[in-house]
Amino acid sequence: MKESKKALITGISGQDGSYLAELLLGKGYDVVGVVRISSMPENHTTRIEHIRNEVRLVYGDVTDGAFMLSLVMREQPSEIYNLAAQSHVGVSFDAPEHTAQATGIGALNVYEAMRLGCPTARLYQASTSEMFGNNKDYDGLQRESTPMHPVSPYGCAKLFAHNLLVNYRSAYGLHMSSGILFNHESPRRGTNFVTAKVVRESIRVKRGQVDAVYLGNLDAHRDWGHARDYVWAMWRMLQQPEGDDYVVGTGVTHSVRELVEAVFGRLGLDVEKHCRMDERYYRAEEIKIKICGDSTKAREILGWSPRYDFDALIDDIIEHWEAKL
């Protein structure tokens, strides 16, 4: 009988980690997940409670290099998915050192653990479109070859991790891939991210619980996809003969204003009456361009394409929050 593959997922309790764990379990993997240490465990496994008995959880942190090396040496995973990070762009301005440690040095620790403890594994690193900053190509798109110049501590930390991965892959001949993922959302997205915030607060407005939704820059543009689609791309990267870098995005951009209008339209709310701009939510430096990813490489090599469009994504999030609230 063929032995099942073992996957190690850091950040398994996050949005992407939970969807990825579901995907891998469905393919017969033995899934081991790292859950961050905290003095309050109540919310640690909220997103994976429905599969809690199907995965094996280990408490630890990617910022602890000795822990990561010990874990990788003991588990000898076939595949490693590094999804752990301080992943909120706005928060990274308030906590730049923590962001650098968790998002940058944490990734380095995972790479070193693989190199020293299980070099035959295949590794996926969660990179991000935030690494591009305001740079785009002649056609307005961002792709693997677009110069990177991030405009936030989060983007800088991710670029550090991304460049290290390219170096480790070349220097040590390791199977390492990075997914340069554009914004991806879902019902499991944290409420401090704009999509979840807009939907949740809009429903509360409709129910008379609050008077308005308070937001920052309504003219920011993003390429929004669904996390379910994007974790499939992660898995496909590690099934390739060699590691590589792939942009994953829908190729369609929308503004925050369009997001608000779409949600308000579904709920029968007046944007002018119930949406307010609040300077507290502006960032020290913003991406000023219309972000849009060119995922041609992922589509051609991985056979990937998004199943959810923008409207289906919004409908999925609204349905979740209407039931939850």
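Along each chain, residues carry numbers from 1 onward, in the same order as the chain's sequence is written. At least 70 in pLDDT is required for a residue's local features to be given in this predicted model, at least 80 for side-chain atom pairs to be given and counted, and no such filter applies to totals for whole chains, interfaces and linings, which use all residues. Hydrogens and water molecules were not included; the side-chain quantities draw on all heavy atoms of the structure.

A.B. asks: Would you mind showing me how to read the packing of helix H8 (residues 256–267) against helix H11 (residues 310–324) here?
C.D. replies: Packing of H8 against H11 brings their axes to within 11 Å, and their N-to-C directions diverge by 55°. Of the possible angle classes, the one that applies to H8 and H11 is oblique. Of the two elements, H8 crosses H11, and the hand of that crossing is right-handed. In this structure, H8 uses Leu259, Ala262, Val263, Arg266 and Leu267 to contact H11, whose residues at the interface are Phe310, Asp311, Ile314, Asp315, Ile318 and Glu322. Residues are grouped as follows: Ala, Val, Leu, Ile, Met, Phe, Trp, Tyr, Cys and Pro are nonpolar; Asp, Glu, Lys and Arg are charged; all remaining types, including Gly, are polar. Of the residues in the contact of H8 with H11, the class split is seven nonpolar, no polar and four charged. In this analysis an axis means a line fitted to C-alpha atoms, helices contributing only their contacting stretch, and an angle means the value between N-to-C directions, from 0 to 180 degrees. By the criteria applied, helices consist of DSSP H or I runs no shorter than four residues and strands consist of E runs no shorter than two, each listed in order from the N terminus. Roughly parallel refers to an angle under 35 degrees, roughly antiparallel to one over 145, roughly perpendicular to one between 65 and 115, and oblique to any angle outside these ranges. By convention the crossing between two helices is left-handed if the near helix lies anticlockwise of the far one by an angle smaller than a right angle, and right-handed if it lies clockwise. Should any heavy atoms of two residues lie within 4.5 Å, those residues are counted as being in contact.

A.B. asks: I'm lost on the sheet that holds strand S2 (residues 30–36) in this one. Help?
C.D. replies: Backbone-to-backbone hydrogen bonds pair the strands of a sheet. The strands run either parallel or antiparallel. Following DSSP output, two strands are said to pair if at least two bridges run between them. Judged by pairing direction, the sheet is parallel, and its seven strands sit side by side in the order S3-S2-S1-S4-S5-S6-S11 without closing on themselves. Pairing within the sheet leaves two strands with one partner each, and these edge strands are strand S3 (56–60) and strand S11 (245–248). Taking the axes of each pair of neighbouring strands and ignoring which way they run, one obtains an average angle of 20° across the sheet. Looking at chain direction, strand S5 (residues 122–128) and strand S6 (residues 175–181) are connected through seven bridges and run parallel. Note that in S6 the partner of Ser127 across the bridge is Ile180. Across the face of the sheet, helix H2 (residues 65–75) comes into contact with strand S1 (6–10), S2, S3 and strand S4 (79–82) while running at roughly 155° to S3.

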